[in-house]
Structures are given as C-alpha cells and as structure tokens.
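Summary of the model geometry
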Amino acid sequence: MTSGQKRARQMFSSLAEATADPPGITRAAYGPGEQLAHNLAARHATELGCEISCDAIGNLYMTLPGEDRGAPAFFVGSHMDTVPHGGNFDGAAGVIAGLSLAATLVENNTVLPRDLVIMAIRAEEATWFPLSYLGSYAAFGKLPATAIDETVRSDTGRTLGWHMREAGFDPEPARQGKVLLPVRRVHSFVEVHIEQGPALIGGDQPIGLVTALNGGFRYTTARCIGRYAHSGATSRQYRQDAVLGFSDFVHGLEKEWDSLGEPGRDVTLTIGQVATDPTHHSGSKVAGEVGFCLDVRGPCQDALNGIRKRISALCDTVARTRGVDCVLGPEFTWPVTQLDEELRHQLNDAASTLNLSPPSMPSGAGHDAAVFAEMGIPTGMIFIRNANGSHNPDEDMDINDFDQAVSLLVAHYSLQASRS
Ligand SMILES: [Zn+2]
C-alpha cells in the first residue's frame, strides 16, 4: 500500500470516529463536525507541503504549488458536511481524493505545470440551510443577497450569518456579493463523489464519468389546508379533510408521473416528509392541515417545466373536489447543468491507461460541480461505485474503488502535465 493510500484510510477512519452520531455520521454545515473535517484536511495538506488558506466564509483551499504559480490552477474538491445521521463518504471522499492525489504527486516527485488546489467547500447539504451549493455560490460572489440574514439552519433556527460568525468567519463579503474565488484562478474543476444511486453497483466498473447534473425544484413548506372538525359529528359531505386532499394530490402526482412516458423515465418525484400538526391533530379530529415536502428532479428542463404546470393544475383539482387548498409555498429551484465534454473525454483517455472503461452517466443528485460549470469553468465529475445510496448511515464505498478514482486523478493530471 502506498503512503497516500494509508493516509486516505486514516482520514476516513478519523472522520468516522470523530463525527459519529449513531446511527451514522453528522457533520452539520458550520457545525463542529464540518469544522473538524476541515481541520483534519488542513493538517494532512500541511504535512504534504500544501499552502493553506481560507476565504471569508470558510471555504478551505489547500494548494500544492506547481511550476507556474500565476497560471490558473487545477481545482479538485467537494464538501465535508453531511446530512443528519448520514454516511462518511458523501462529500468527504472528494476532498480526501484530492489530498490522496497530492500525496501521490509528492511521493513521485511530480510537479504539475500549474498549482493544484484541493478545495473543501462549505455547506453543500441543503438539509441545513435551504440553499443549494451555498459555499460554492458564496465563493463566486453569487449567494442570493437575502441568504445571510433570512436563511436559518434547520436544527437551530439561527441565521446563516449567525452561524458563519459563530464558526469564526465573516458573512459581510458574501452579503455584498464580493468574489472570494475569481473564476480566472480556476483552470478546471474535478469533483470525485460517491454514486448515490445503484447504477455502478450492478456493473463491473468501480467508477463512472458524469455527463450532466439533473435540475429540479423543491417545495419544503408545502401544505394541504382543509378544516379541523369533530370526527364523529361531521358527516362526510361537510368535511374538508386535509388528509384526503393530500392523498388525492399524491395519487394525482403519481398518475402525472406515469403519463410522462419516455421523457419521464429519468424524472423523480419525491414526497420525503409528511406531517400533521402535533399541536392540533388528534385521533378524534378530521385533520385540518397536512404539511409536506415535494422534490422534483430530472435531466430535461422542458420536462421539469411541464411537470411544474401539471402540479399547479393538480392543486386546483384538489381544491375543487375536496375543498382543500394545496399551498406549495416558496419554490427552491436549480437548473440542469451539462458538464464539460472535453474534460470527460480526457478523463476517459486517462482511465483507458489504467484499463478502466468508466460508463458515462448523468447525476440524479446535485453537486458543487454544478456551480463551477455554471461559472463557465471546465468541470468534470468522477463517481465511485457505492452500495446502499447516500444520505444514510449505510453508504458503503469500497476503499479499493476509491483508490481507482485516485489513480484516475493521478493519470489525468500526469497526462495534463505531459501535454503542457
Ligand atoms: Zn455530496
């Protein structure tokens, strides 16, 4: 085993041990677990001879100097926060892959033609703050103006600005839309990430190359609002039963999904949270309100726009037939993002030197890579085979598959060096 491989194993096990929150792992955005992960990464990067810096909102940049210090740098990275009771690999694998790449380059005395920056990005998991890619957007000065003061963390109810300050950072530049990471500093961005679906697990390839990231939209505070009533005293025709209205909504949604046919194959519609209000609900009451989250994703923007219209029509139907208003509330949306084709071909060429033939595949989940691509930076993603999906304690990446992803990075950047 190489020293880089040993280091990667150490980092994964230190992280798992230090941020265990049974069942699983919790590293809240701007919480102690995320900070611990950043500190761990910085310590290993320092040992490898990297320069360490941090921007105003806490994104961490670990720079292995290349020959031309002024040239735009190769960026590799991902996030280090997790969902509550998630797994150890989602996000962290990308940062540790970057550090493992640096370790191999150092071990081989390879100096790249330009700097290699391993970036640990803050707060990617939207479960903490209802924003996509918070750290990446803030890096490029693109965080929505209201985000700092009006977005609150789901577990504490405190604002993003409060959490940034509490973690020792300064939200002011992000509030003013200041650029913390100039686009011209970034030659290209590669994010290594565990696959969060089952596509690779059924095949014989340890890694895949991502073509595009699905777009989507989400309503996190949707409600079906009817009227609370006595369960025995209110006969059927006088009810405005929020549970039945919600049930019609869900059933109608699934019928819409069926009707999408071919273009709907890649679309996902998910109601991941449902609740009646515990301060009002009772076993002897007709429910007056059901709260829920609706998450819709897919690779085709037109299909997504079509579904949005049909969901709105479905709300009208439920209001008419049940007397229950479906109020979707604020919509949180993100576009379909194409990754760089040329970079994917380069990664594929590098893979073939390792006798790998990674399949090309879209990503159903969103990633920081989307922001880099949106900024016009050539961006690629490498997926690592992973059993049991992600956002749960059972993420199961084989460390040997991880090694293959690191080998691909090494081969890719070595080819880049030989071409320059
Ligand atoms: Zn992730």
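You can read the domains of the protein chain as domain 1 (3-214 + 336-419) and domain 2 (215-334). Each of domain 1 and domain 2 was reduced to a C-alpha centroid, and the two centroids are 35 Å apart. On the domain 2 side, the residues contacting the eight residues of domain 1 number twelve residues. Grouping the constituent residues of the side of domain 1 that touches domain 2 by class yields four nonpolar, four polar and no charged.

Side chains on a regular strand alternate between the two faces of the sheet. With nine of eleven residues buried, strand β7 (residues 215-225) is to be regarded as a mostly interior element. Relative to strand β13 (residues 331-334), β7 runs antiparallel, the two being bridged by four bridges. Within β13, the residue paired with Tyr219 across the bridge is Glu331.

A separate point is helix α8 (residues 242-259). Over its 18 residues, α8 runs 25 Å from end to end, which matches the ideal 26 Å to within 8%, given 1.5 Å per residue. Taken together, the buried positions of α8 are Ala242, Leu244, Gly245, Phe246 and Phe249. Looking at the buried residues of α8, the elements they touch are β7, β11 (289-298), α9 (301-322) and β12 (325-327).

Counting buried positions along strand β5 (residues 186-194) yields eight of nine residues, so the element is predominantly enclosed. Where strand β3 (residues 73-79) and β5 come together, four bridges link them in parallel fashion. The residue of β5 that forms the bridge with Val76 is Val190. In this sheet, strand β16 (residues 379-384) lies alongside β5 in parallel orientation, the contact comprising six bridges. The residue of β16 that forms the bridge with His193 is Phe383.

Remark: helix α1 (residues 3-18) packs on helix α3 (residues 92-107), axes separated minimally by 8 Å, with the N-to-C direction vectors making an angle of 155°. Here α1 is positioned roughly antiparallel relative to α3, judged by the angle of their axes. Pair α1 / α3 crosses with right-handed handedness. Each of Ser3, Gly4, Arg7, Ala8, Met11, Phe12 and Leu15 in α1 lies in contact with α3, whose residues at this interface are Ala92, Ile96, Ser100, Ala103, Thr104 and Glu107. Here the contact of α1 with α3 is composed, by residue class, of seven nonpolar, four polar and two charged.

Conventions used here
- Residues numbered from 1 in each chain as written.
- Predicted model: local features only at pLDDT ≥ 70, side-chain atom pairs only at ≥ 80, totals over all residues.
- Domains from an automatic or database assignment.
- Contact = placed C-beta atoms within 7 Å.
- Nonpolar A, V, L, I, M, F, W, Y, C, P; charged D, E, K, R; others polar.
- Buried ≥ 20, exposed ≤ 12 C-beta atoms within 10 Å, placed from the backbone.
- Helix = DSSP H or I, 4+ residues; strand = E, 2+ residues; numbered from the N terminus.
- Pairing = 2+ DSSP bridges.
- Expected span 1.5 Å × (residues − 1).
- Axes fitted to C-alpha atoms, helices over the stretch in contact; angles between N-to-C directions.
- Parallel < 35°, antiparallel > 145°, perpendicular 65-115°, else oblique.
- Left-handed = near helix turned anticlockwise from the far one by under 90°.

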